[in-house]
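This is what each chain is made of:
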Amino acid sequence: MRLQCEVEVVSRLLPTCGLRGRGRGARALLSLGRQPGRERGGVCLMVCTARDRAGVRYKVQDNVERFFTRFVEEGKATVRLREPAVDVCLSKANASNLKTFLSAVRLAHQGTDVGALPLSALVPAKTSDVEKPKTKMIITSKRDYPLTKSFPYSLEHLQASYCRLARIDARVLCLKKLRKLDLSHNHIKQLPATIGDLVFLQELNLHDNHLESFSGALCNSTLQKSLQCLDLSQNKIKALPIQFCQLRELVNLKLDDNELIRLPFKIGQLDHLRFLSAARNKLPFLPSDFRKLCLENLDLFGNPFEQPNPLLPNIQLKIPLTLLECAARATVNYRIPYSCHLLPSHLCEDLEVAKSCQCGSACLSSFIQITVTMNLHHVAHTVVLVDNMGGTEAPVICYFCSLDCYSQFLDRFLQSSGDH
């Protein structure tokens, strides 16, 4: 007698006794049958998985301490054995088949004549008998999207494209083993913060949806340590949150065909980033931190970049400096550790977006801002042309903490312009 279900064998003894869980959380073939060569008292329960087709046998006669059948209608039950002291936990079984199987196990435990039970000799499972855990599922139409059936918990790669999803299914957020999630070509408008609970998620594809933002809460989640590839292209995103650059493991970032008016202020913190595309957005210039990137491939084609003019500065100097500005500059310049427990929260928030002068000093709300031309080959090995004219240059913001610093830059700029 055989039953296909998910089996977890849990030892009730301490790990030092040498017993381990077998078939833990795996789809398995559960068999009840006779030990080969034994006629009486040889009825055993055998658990076979895709990794262990030879199976593990447990004696049944006079060896069952208790049956737990409260949730048998849901396809769940537990058989508690005396020796070894383990619980054989069954789940995701056909309820009718499970009841029949448990009845046979109960009769075998009670010592019913083996000949009266429909049992055969226990033999190792064939490859075709044991269902391997499903790790990949691809759905490409709304018709094929499961409405009542659960997703296999073993999934590592799930694609659900062209399904007209307006939001992310809560059942998907329970797939804790997911490494790759592709929800491209849907109608998703908002991302739930619980995506951050997918601790192994490495790739997230949200291409061609209706997103207008990317939550700062996601940037503070466990995605900081796992997410390597993020595709937000072809949405309606205007800006990314300050916290976005906490996704330090990002290697590949796609932001094409959005409505971005700026890139993340601290984008230089993404020191693992190697592939960046933000083509066909509304970027007038690049943030000063952009200079810190070290990319293999960069695509900024089709953005309305402004013509830089260092001779037209945006002067926001405040003389004398405010006490807040002095405190912020001192905190950054002297590398003083800070947090909301040590400093006022509004000061901490300002420090997170502190600007850096070319002299190395920090500035907060008192600065001079200009845009200068940067050849994108300084930050990327391969650069897609910025425009149809064959250019590979783009304007980048520069900040100065004082008139002295700006004057020194201006002297160098005018001298280099005169030399050309």
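Quick note: structure is the one above.
Remember, it's a predicted structure, so these values are computed and weren't measured experimentally. For every chain, the first residue of the written sequence is number 1, and numbering continues from 1 along that sequence. The predicted nature of this model means local features are confined to residues of pLDDT at least 70 and side-chain atom pairs, given and counted, to a pLDDT of 80 or more, with totals for whole chains, interfaces and linings taken over all residues. Each side-chain value is worked out from all heavy atoms of the structure, with water and hydrogens disregarded.

Secondary structure elements follow DSSP: runs of H or I no shorter than four residues count as helices, runs of E no shorter than two count as strands, and numbering proceeds from the N terminus. In terms of helices and strands, the protein carries six helices and 21 strands. A globule of 420 residues ought to have a C-alpha radius of gyration of about 22 Å, yet the protein, at 31 Å, is considerably larger. A simple rule labels every residue: compare its accessible area, found with a 1.4 Å probe on the protein chains alone, to the largest value its type can have, and call it buried under 20%, exposed over 50%, or partly exposed in between. Going through the 420 residues of the protein one by one, you find that 44% of them count as buried. Any two residues whose heavy atoms approach within 4.5 Å are treated as being in contact. In the protein, of all internal contacts separated by at least 6 residues, the share reaching a separation of at least 24 is 48%. Positive residues here are Lys and Arg, negative ones are Asp and Glu, while His and the chain termini are left out of the count. Charge positions come from single atoms, namely NZ of Lys, CZ of Arg, CG of Asp or CD of Glu. Positive and negative charge centroids in the protein, built from 53 and 40 side chains respectively, lie 9 Å apart. The quantity called the radius of gyration is restricted to C-alpha atoms. Its globule counterpart is 2.2 Å times the number of residues to the power 0.38.

Turning next to the sheet that holds strand E21 (residues 393-400). A pair of strands counts as paired when DSSP detects no fewer than two bridges linking them. Overall, antiparallel pairing links the three strands, which are arranged E16-E19-E21 in an open sheet. Each edge of the open sheet is held by one strand with a lone partner, namely strand E16 (314-315) and E21. Where strand E19 (residues 368-375) and E21 come together, eight bridges link them in antiparallel fashion. Pairing of valine 372 across the sheet is with valine 396, part of E21.

This part takes up the layout of surface pockets. By rolling a water-sized probe across the atoms, one finds the places where empty space is left. Only protein atoms enter the 1 Å grid used here. Points where a 1.4 Å probe fits but cannot escape make up a cavity, open sets with protein on both sides within 12 Å along at least five of seven lines make up a pocket, and a residue lines them when an atom lies within 4 Å of a point. Grid points are joined across faces, edges and corners, and a volume is the space filled by probe spheres set on the points. Estimated volume of the second largest pocket: approximately 390 Å³. As for the second largest pocket, its lining consists of 18 residues, and the residues nearest its centre are Lys266, Gln269, Leu351, Glu352 and Val353. Within the residue set of the lining of the second largest pocket, elements represented by two or more residues are helix H5 (345-352) and strand E17 (355-356). Sorting elements by how many residues they give to the lining of the second largest pocket places H5 first, with three residues. Broken down by class, the residue content of the lining of the second largest pocket amounts to seven nonpolar, six polar and five charged. Any residue outside Ala, Val, Leu, Ile, Met, Phe, Trp, Tyr, Cys, Pro, Asp, Glu, Lys and Arg is labelled polar, Gly included; the first ten of those are nonpolar and the last four are charged.

Another point: the packing of helix H4 (residues 323-333) against H5. The angle between the axes and the distance between the axes are what describe a pair of packed helices. Between N-to-C directions, angles cover 0 to 180 degrees, with each direction set by a line fitted to C-alpha atoms, over the stretch in contact for helices. Where H4 contacts H5, the two axes come as close as 10 Å, and the packing angle between them is 60 degrees. With respect to their mutual orientation, H4 and H5 come out oblique. The handedness of the crossing between H4 and H5 comes out as right-handed. When H4 is examined against H5, the residues Leu324, Ala328, Thr331 and Val332 are found in contact with a partner set consisting of His346, Leu347, Asp350 and Leu351. Each angle gets one of four labels, with under 35 degrees taken as roughly parallel, over 145 as roughly antiparallel, 65 to 115 as roughly perpendicular, and the rest as oblique. Note: crossing handedness is left-handed where the near helix turns anticlockwise from the far helix by less than a right angle, and right-handed where it turns clockwise.

The next subject is the pairing of strand E6 (residues 77-81). Burial within E6 is extensive, with four of its five residues counted as buried. Across four bridges, strand E5 (residues 64-68) lies against E6 in antiparallel orientation. Residue pairing in the sheet places phenylalanine 67 in a bridge with valine 79 of E6. Relative to strand E7 (residues 86-91), E6 runs antiparallel, the two sharing four bridges. Paired with threonine 78 across the two strands is cysteine 89, which belongs to E7. Hairpin connection, E6 to E7: the antiparallel pair is bridged by four residues.

So, on to unusual backbone geometry. Cis geometry is found at the peptide bond from glutamate 83 to proline 84, where omega equals -5 degrees. Relative to the helices and strands, proline 84 is located in the loop between E6 and E7. Although it is not a glycine, arginine 280 sits at a positive phi angle of roughly 55 degrees. Take arginine 280: it is sitting in the loop between strand E14 (275-277) and strand E15 (295-299).

Take histidine 207: it is sitting in the loop between strand E11 (203-205) and helix H2 (216-219). In this structure the C-alpha to C-alpha distance between histidine 207 and alanine 77, which are 130 residues apart in sequence, comes to 42 Å. Ignoring any residue separated from it by four or fewer positions in sequence, one finds histidine 207 in contact with Ser184, His185, Asp231, Ser233 and Gln234.

Before going further, it helps to spend a moment on the sheet that holds strand E3 (residues 43-49). If you trace the seven strands from one edge of the open sheet to the other, you get E4-E3-E2-E1-E7-E6-E5, paired in antiparallel fashion. Every interior strand has two partners, whereas the edge strands, strand E4 (56-59) and E5, have only one. Taken pair by pair, the neighbouring strands of this sheet meet at an average axis angle of 30 degrees, ignoring direction. As defined by bridge partners, strand E1 (residues 2-11) adjoins E7 across six bridges and the pair is classed as antiparallel. Looking across to E7, one finds that valine 9 is bridged to valine 88.

All of the buried residues in H4 are Glu325, Ala328, Arg329 and Thr331. Looking straight down H4, one finds its buried side chains confined to an arc of 160 degrees; they lie on one side. Contacts made by the buried residues of H4 are with H5 and strand E18 (362-363). In the segment just after H4, arginine 335 is the residue with positive phi, at about 55 degrees. This arc corresponds to the set of directions leading from the helix axis out to the C-beta atoms.

Whenever Lys or Arg places a side-chain nitrogen within 4 Å of a carboxyl oxygen from Asp or Glu, that contact is recorded as a salt bridge. Scanning all chains against the criterion turns up eleven salt bridges. Of the charged contacts, one joins aspartate 169 and arginine 171 as a salt bridge, the two residues approaching to 2.7 Å between their closest N and O atoms. Given a relative accessible area of 24%, arginine 171 falls into the partly exposed group. In this structure, lysine 292 and aspartate 289 form a salt bridge, with 3.1 Å as the shortest nitrogen-oxygen distance. Its relative accessible area of 58% is what places lysine 292 among the exposed residues. Note on aspartate 289: relative accessible area 8%, which makes it buried.

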